[in-house]
Amino acid sequence: KTPIAVLISGRGSNMRALIEACARPDFPAKIVLVLSNRPDAVGLQVAHDAGLATLAIDHKAFGKDRESHERAVNDAVAKSGASLICLAGYMRVLTPFLVNAWEGKMLNIHPSLLPAFPGLHTHERAIAEGASEHGCTVHLVTAGVDEGPILGQARVPVLANDTADSLAARVLEQEHLLYPNVLKRFLA
Ligand code: GAR
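Given the structure is predicted, the values throughout are model-derived calculations rather than measurements.

Procedures and definitions
Residues numbered from 1 in each chain as written. Predicted model: local features only at pLDDT ≥ 70, side-chain atom pairs only at ≥ 80, totals over all residues. Heavy atoms only, no water. UniProt positions renumbered as here; feature names shortened; annotations may be inferred. Helix = DSSP H or I, 4+ residues; strand = E, 2+ residues; numbered from the N terminus. Contact = heavy atoms within 4.5 Å. pLDDT = per-residue confidence, 0-100. Salt bridge = Lys/Arg side-chain N within 4 Å of Asp/Glu carboxyl O. Buried < 20%, exposed > 50% of the residue type's maximum accessible area, 1.4 Å probe, protein only. Phe/Tyr/Trp six-rings, centres within 6.5 Å; stacked < 30°, edge-to-face > 60°. Lys NZ or Arg CZ within 6 Å of the ring centre and 35° of its normal. Pairing = 2+ DSSP bridges. Axes fitted to C-alpha atoms, helices over the stretch in contact; angles between N-to-C directions.

Draft legend 1. Representation of the UniProt feature "active site" (unreviewed entry) in the protein. Per the UniProt record, "active site" (unreviewed entry) is found at His-110. Along the chain, His-110 turns up in strand E5 (residues 106-110). In this view, His-110 contacts Phe-117, Pro-118, Gly-119, Thr-122, Gly-135, Cys-136, Thr-137, His-139 and Asp-146; residues no more than four positions away in its chain are not counted.

Listed below in structure tokens is the structure:
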């Protein structure tokens, strides 16, 4: 099994989907570290309860110096033995340092059908634009935010009475299926 590190910032439901997938004997990855930039991330507790190694490296301790925070993250991931990083709700814009260190070896899940709606508030924006379809994307991380090569997507309809929350929930269900599926295919 390929050793992977999962980076989170919050709830960690995508991380949980990866934990469940990795628990299957035939799944080609194992999680060797769950790392959060927020010490209070709920997902850290979820990972800890699942018996995984967890670590918080608080970006606030590094002030405006994004790269030194990333150097600490990179050191921790390297020490864990991970050969692949899965960003799962990791809400930091990366500098070229981390992007280059993990070129071709860092995946991200994004809650839209990229290239539509990069960035934040994707569900609100999809509704505001009157999109009839929305969804999620797993892609390789490159220097441009949410611009890397697309590895897989899942689509959901936007319904007439959708709110950002109802649409987000429909997309999230698909995220939890898509991320493990794409990871498995990526490693095959
Ligand atoms: C997910 O919807 C993920 O796609 C999104 O944040 C949520 C995290 O939820 N990621 C981004 O917006 C990345 N820019 P989770 O912590 O429950 O997995």
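There is more to say after this.
Draft legend 2. The confidence of the model for the protein, seen in detail. On average, residues of the protein score 98 in pLDDT, and 100% of them reach the 70 mark or higher. Both scores are available for the predicted complex, with the pTM at 0.98 and the ipTM at 0.99.

Draft legend 3. Spatial organisation of the pattern of salt bridges. Inspection of every chain in the model, using the stated rule, returns 4 salt bridges. For Arg-155, the salt bridge identified is with Glu-133, shortest N-O distance 2.9 Å. Here Arg-155, found in strand E7 (residues 150-157), pairs with Glu-133, found in strand E6 (residues 133-140); they are 22 residues apart in sequence, far enough to count as distant. Since its relative accessible area comes to 39%, Glu-133 is described here as partly exposed. Taking the shortest distance from any N to any O, the salt bridge between Arg-170 and Asp-162 comes out at 2.7 Å. The exposure class of Asp-162 is buried, given its relative accessible area of 11%.

Draft legend 4. Focus on the packing of aromatic side chains. Considering all chains together, one arrives at 0 aromatic pairs under this definition. Here the guanidinium or amino end of Arg-71 rests over the ring plane of Phe-97, the centre of that ring lying 4.1 Å away. The lysine or arginine in question, Lys-105, covers the ring of Trp-102, its NZ or CZ lying 5.4 Å from the ring centre.

Draft legend 5. Region of the structure containing the sheet that holds E7. The mixed open sheet is built from 7 strands, whose spatial order is E3-E2-E1-E4-E5-E6-E7. Across the chains shown, the open sheet's two edge strands, defined by having one partner strand only, are strand E3 (54-56) and E7. Across the sheet, the mean angle from the axis of one strand to that of its neighbour is 20°, orientation sign disregarded. Where strand E4 (residues 84-87) meets E5, 3 bridges bridge the pair, whose relative direction is parallel. In the sheet register, Leu-87 faces E5, and the bridge partner there is Asn-108. Here helix H2 (residues 42-49) sits on the sheet and contacts strand E1 (2-8), strand E2 (29-36) and E3; the angle it forms with E3, its principal contact strand, is near 160°. Across the sheet, helix H3 (residues 66-80) lies against E1, E2, E3 and E4, angled at about 155° from E2, the strand it touches most.

Draft legend 6. Highlighting the pairing of E6. Of all 8 residues in E6, 7 are buried, a share of seventy percent or more. Pairing between E6 and E7: 7 bridges, direction antiparallel. Paired with Cys-136 across the strands is Ala-154, a residue of E7.

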